[in-house]
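Structural overview
As a plain string of letters, each chain reads:
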Amino acid sequence: DAGITQSPRHKVTETGTPVTLRCHQTENHRYMYWYRQDPGHGLRLIHYSYGVKDTDKGEVSDGYSVSRSKTEDFLLTLESATSSQTSVYFCAISDKQGNQPQHFGDGTRLSIL
Amino acid sequence: KQEVTQIPAALSVPEGENLVLNCSFTDSAIYNLQWFRQDPGKGLTSLLLIQSSQREQTSGRLNASLDKSSGRSTLYIAASQPGDSATYLCAVEAAGNKLTFGGGTRVLVKP
């Protein structure tokens, strides 16, 4: 399995608090992604990165920010969490555009009360 | 905007029967199509990747076909086993190395 670690695995927090999720990879892959998975909506791309300090928005980026200061780490931040951001968040990595599958972490289950 | 659809949403078959899972997409301008498996509470595991120039890809009991012109892909799983019970997701990759996912098909293989 690809070396992807997401932390924390579970988190419960309150509306209005800041939350940061971490994705750490040991594969030295160039591309990293954050998705959320919700019933009825499937997996949707939040943000992605194509290199250190190079990031771009996905389909559902409002309310989220990301940072990538090192190849191995990709952080997802909810500046002021809302109940609509309760979801399961997945990090994924890939090495070469259009030629290799994305590999996924085990997810972070986030509940915002 | 690319849309990916998987029908049916759920499927139940007896052990030993072949599984046929369908995926359709609206925009044929894709780099590849990927099939994933997801077990409850887990992340996604890549099964097969079909490049846009390919018609099919095979791995063991799994075979996936791609008809880009009609916007369809089919995943075949031969001689299903209870361990094949999972949710199967297809996704298409377009410009920008971004995946668009279908809603998945939840499969139950009964012993």
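See the structure above.
Cut-offs and rules
Residue positions are counted from 1 within each chain, in the order its sequence is given. Whichever chain is written first becomes A and whichever ligand is written first becomes 1, with later ones labelled in order. Residue-level local features of this predicted model are given only where pLDDT is at least 70; pairs of side-chain atoms are given and counted only at 80 or more, and the full residue set underlies all totals for whole chains, interfaces and linings. Side-chain metrics rest on all non-hydrogen atoms present in the structure, leaving aside hydrogens and water. Residue contacts follow a heavy-atom distance rule, with two residues in contact if any of their heavy atoms lie within 4.5 Å. Note: buried area is the sum, over both parts, of the accessible area (probe 1.4 Å) each one loses when the two are combined. By definition here, a salt bridge exists when the distance from a side-chain nitrogen of Lys or Arg to a carboxyl oxygen of Asp or Glu is within 4 Å. Counted as a polar contact is a pair of N or O atoms within 3.5 Å, where, for protein atoms, one must be capable of donating a hydrogen and the other of accepting one, and residues adjacent in sequence contribute only when both atoms are in side chains. A run of H or I in DSSP becomes a helix once it reaches four residues, and a run of E becomes a strand once it reaches two; helices and strands are each numbered from the N terminus. The nonpolar class holds Ala, Val, Leu, Ile, Met, Phe, Trp, Tyr, Cys and Pro. Asp, Glu, Lys and Arg form the charged class, and all remaining residues, Gly among them, are polar. Relative accessible area decides the class of each residue, using a 1.4 Å probe on protein chains only: under 20% of the type maximum gives buried, over 50% gives exposed, and in between gives partly exposed. Buriedness of a pocket was judged along seven lines, with at least five required to meet protein on both sides within 12 Å; pockets are open sets of points on a 1 Å grid over the protein atoms alone, cavities are sets where a 1.4 Å probe fits but cannot get out, and lining residues have an atom within 4 Å of a point. Grid points are joined across faces, edges and corners, and a volume is the space filled by probe spheres set on the points. Only strands joined by at least two bridges in the DSSP assignment are considered to pair. Throughout, an axis means a line fitted to C-alpha atoms (over the contacting stretch in the case of helices), and angles, computed between N-to-C directions, take values from 0 to 180 degrees. Cysteine sulfur atoms that come within 2.5 Å of each other are treated as a disulfide pair. Classification of ring pairs rests on two measures: the distance between centres of Phe, Tyr or Trp rings, Trp counted by its six-membered ring, which must be within 6.5 Å, and the angle between planes, read as stacked under 30 degrees, edge-to-face over 60 and tilted in between.

We now examine the interface of chain B and chain A. Every contact between the two is made by 20 residues of chain B and, on the other side, 21 residues of chain A. Of the roughly 1,700 Å² buried between chain B and chain A on both sides combined, carbon and sulfur atoms contribute 50%. Across the contact surface, chain B and chain A share 1 salt bridge. Between A:Glu59 and B:Lys1 there is a salt bridge, with the nearest N and O atoms lying 3.6 Å from each other. Our count for the contact surface shared by chain B and chain A stands at 2 residue pairs in polar contact (both at pLDDT 80 or more). When residues of the side of chain B that touches chain A are traced back to their parent elements, those giving at least two are strand S4 (32-38), strand S5 (44-51), strand S9 (86-94) and strand S10 (98-101) of chain B. Taken together, the residues of the side of chain B that touches chain A break down into 7 nonpolar, 9 polar and 4 charged.

The next point concerns the environment of B:Val4. Residues and elements named next belong to chain B. When you line up the elements, Val 4 lands in strand S1 (residues 4-5). According to the relative accessible area criterion, Val 4 is buried, its value standing at 11%. For the pair Val 4 and Cys 90, spaced 86 residues apart in sequence, the C-alpha separation works out to 8.0 Å. Look past the residues within four positions of Val 4 in its chain and what remains in contact with it is Cys 23, Ser 24, Phe 25, Cys 90, Val 92, Thr 100, Phe 101, Gly 102 and Gly 103.

So, on to the layout of surface pockets. Empty space among the atoms can be located by rolling a probe the size of a water molecule over them. For the largest pocket, the calculated volume is near 1,000 Å³. Taken together, 45 residues make up the lining of the largest pocket; nearest its centre are A:Gln37, A:His41, A:Gly42, A:Leu43 and A:Arg44. Secondary structure elements with two or more residues in the lining of the largest pocket: strand S4 (31-38), strand S5 (42-51), strand S9 (87-94) and strand S11 (108-112) of chain A together with S9 and S10 of chain B. By residue number, the principal contributor to the lining of the largest pocket is S9(B), which donates 5 residues. A breakdown of the residues in the lining of the largest pocket according to their chemical character gives 16 nonpolar, 16 polar and 13 charged.

Residues and elements named next belong to chain B. Burial along S10 is one-sided: the face carrying Leu 99 and Phe 101 is buried and the face carrying Lys 98 and Thr 100 is not. By the bridge criterion, 4 bridges tie S9 to S10 in an arrangement that is antiparallel. Bridging across to S10, Val 92 finds its partner in Thr 100.

What follows is about the sheet that holds strand S8 (residues 73-78) of chain A. Residue and element names in this part refer to chain A. With antiparallel pairing, 4 strands are arranged side by side in an open sheet as S1-S3-S8-S7. The open sheet has two edge strands with one neighbour each: strand S1 (4-7) and strand S7 (64-70). Neighbour-to-neighbour, the strand axes of the sheet open up by a mean angle of 15°, direction not taken into account. Direction of pairing for S7 relative to S8: antiparallel, over a ladder of 5 bridges. The partner of Val 66 across the bridge, within S8, is Leu 76.

Below, the discussion takes up the state of the cysteines. All names here are of chain A. One pass over the full model with this rule turns up 2 disulfides over all chains. Between the sulfur atoms of Cys 23 and its disulfide mate Cys 91 the distance is 1.9 Å. Handedness here is read from the sign of the S-S torsion; for Cys 23 and Cys 91, about -70°, the answer is left-handed. Here the residue Cys 23 occupies a position in strand S3 (residues 19-25), and Cys 91 occupies one in strand S9, the gap between them amounting to 68 residues. For Cys 23, a relative accessible area of 0% corresponds to the buried category.

Moving on, we get to the packing of aromatic side chains. Two numbers describe a pair of aromatic rings. These are the distance of the centres and the angle of the planes. The full count for this structure, using the stated rule, is 9 aromatic pairs over all chains. Ring plane angle 20° and centroid distance 6.2 Å describe the contact between A:Tyr33 and A:Tyr48, whose orientation is recorded as stacked. Within this pair, whereas A:Tyr33 is found in strand S4, its partner A:Tyr48 is found in strand S5, the two being separated by 15 residues in sequence. A:Tyr48 matches A:Tyr33 in its accessibility class, with the two residues each being buried. Arranged with centres 6.1 Å apart and planes meeting at 80°, the rings of A:Phe104 and B:Phe101 form a pair that is edge-to-face.

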